[in-house]
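Here is what each chain is made of, one letter per residue.
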Amino acid sequence: MQKYIPLLKKVTLFENIEDDEMLEMLKCLGARMHFYHKGEFPLMAGDTVSSVGIVLTGQAHVIREDIDGNQMIVTELQECDLFGETFACIETKHCPVTVETITDCNIIWIDYKRVITSCSSSCGYHTKLIGNMMRLIAMKNLRLSRRLEILSKRSIRERLMEYLELQAESMGTRSFSIPFDRNKLADYLCVDRSAMSRELGKMRDEEILKFEKNKFTLL
């Protein structure tokens, strides 16, 4: 666990935690490391959620599936992102989403109740953890509201432009890479993959954007 401390310090949950507190804190939180190969499922729909996952290395997607088996990507998980905290907070007995690894991943699991409850040792960092968790949940709510803005658009072109402009804004550049291939992007936008590809081709011909695989430039 020691070698991952530089990465853990980038996790929003652990902001303002001193180096000499980190190992003691991880032990107090019951932290455990698990390695997942690409295509595995750290969390499955229907699971009981009591722990929070932290993606230390790799990428994963949070997926929701309807009764007909159609998949929708709820969000993408990058290095240092958390997942499961909302469901753990409300003590969900049957998780409504699945987490799938898109690359090989190292994931740390921590007990949610140990995050929000001061231990018998009255560790000084618990107040920081609780404040960080509240801020993190607020940030997640903001991301979900932006997702709703995308899905509120009626046409495929409008959804594409809303998503790509948000990516450009968050990265501070008009040229950027997205964490999706074409199939995953269509799932994320809830549109037909072939229709989306045709629309991208039209937008390129009209010099609205240019792209190569998952690299885009807004013109």
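These lines cover the structure that appears in this document, whether it is placed above or below. Bear in mind that the values here come from a model prediction, so they are computed numbers and not experimental data.

**As for the layout of surface pockets**
Taken as a whole, the largest pocket holds about 940 Å³ of empty space. Along the walls of the largest pocket sit 35 residues, with V74, T75, K140, R143 and L144 positioned nearest its centre. What the second largest pocket holds in volume is close to 240 Å³. Considering the residues around the second largest pocket, the lining is formed by K10, T12, E79, C80, D81, L82, L136, M139, K140, L142 and R143. Considering each element in turn, the lining of the second largest pocket owes the most residues, five residues, to helix α5 (residues 126-151). Each residue belonging to the lining of the second largest pocket can be placed in one class, and the counts come to five nonpolar, one polar and five charged.

**Considerations on the packing of helix α6 (residues 156-171) against helix α7 (residues 182-189)**
One can describe the packing of α6 onto α7 by two numbers: an axis separation of 11 Å at closest approach and a directional angle of 100 degrees. Viewed along their axes, α6 and α7 adopt a mutual orientation that is roughly perpendicular. Counted together, R159, L160 and Y163 of α6 and L185, Y188 and L189 of α7 form the full contact between these two elements. Along the lines of polarity and charge, the residues of the contact of α6 with α7 split into five nonpolar, no polar and one charged.

**Regarding the nonpolar core**
Soluble globular proteins tend to bury their nonpolar side chains together. L13, F14, M25 and I110 are the most contacted members of the largest nonpolar core, which totals 44 residues. The element best represented in this core is strand β7 (residues 105-111), accounting for five residues. If sequence neighbours within four positions are ignored, M25 has contacts with F14, I17, Y125 and L129. Residues L160, M161, L209 and F211 belong to the second largest nonpolar core, which totals 23 residues.

What counts, and at which threshold
Residues numbered from 1 in each chain as written. Predicted model: local features only at pLDDT ≥ 70, side-chain atom pairs only at ≥ 80, totals over all residues. Heavy atoms only, no water. 1 Å grid on protein atoms, 1.4 Å probe; cavity = no way out; pocket = protein on both sides within 12 Å on 5 of 7 lines; lining within 4 Å. Points joined across faces, edges and corners; volume = space filled by probe spheres on them. Helix = DSSP H or I, 4+ residues; strand = E, 2+ residues; numbered from the N terminus. Nonpolar A, V, L, I, M, F, W, Y, C, P; charged D, E, K, R; others polar. Axes fitted to C-alpha atoms, helices over the stretch in contact; angles between N-to-C directions. Parallel < 35°, antiparallel > 145°, perpendicular 65-115°, else oblique. Contact = heavy atoms within 4.5 Å. Core = buried A, V, L, I, M, F, W, Y, C linked by side-chain atoms within 4.5 Å. Buried < 20%, exposed > 50% of the residue type's maximum accessible area, 1.4 Å probe, protein only.

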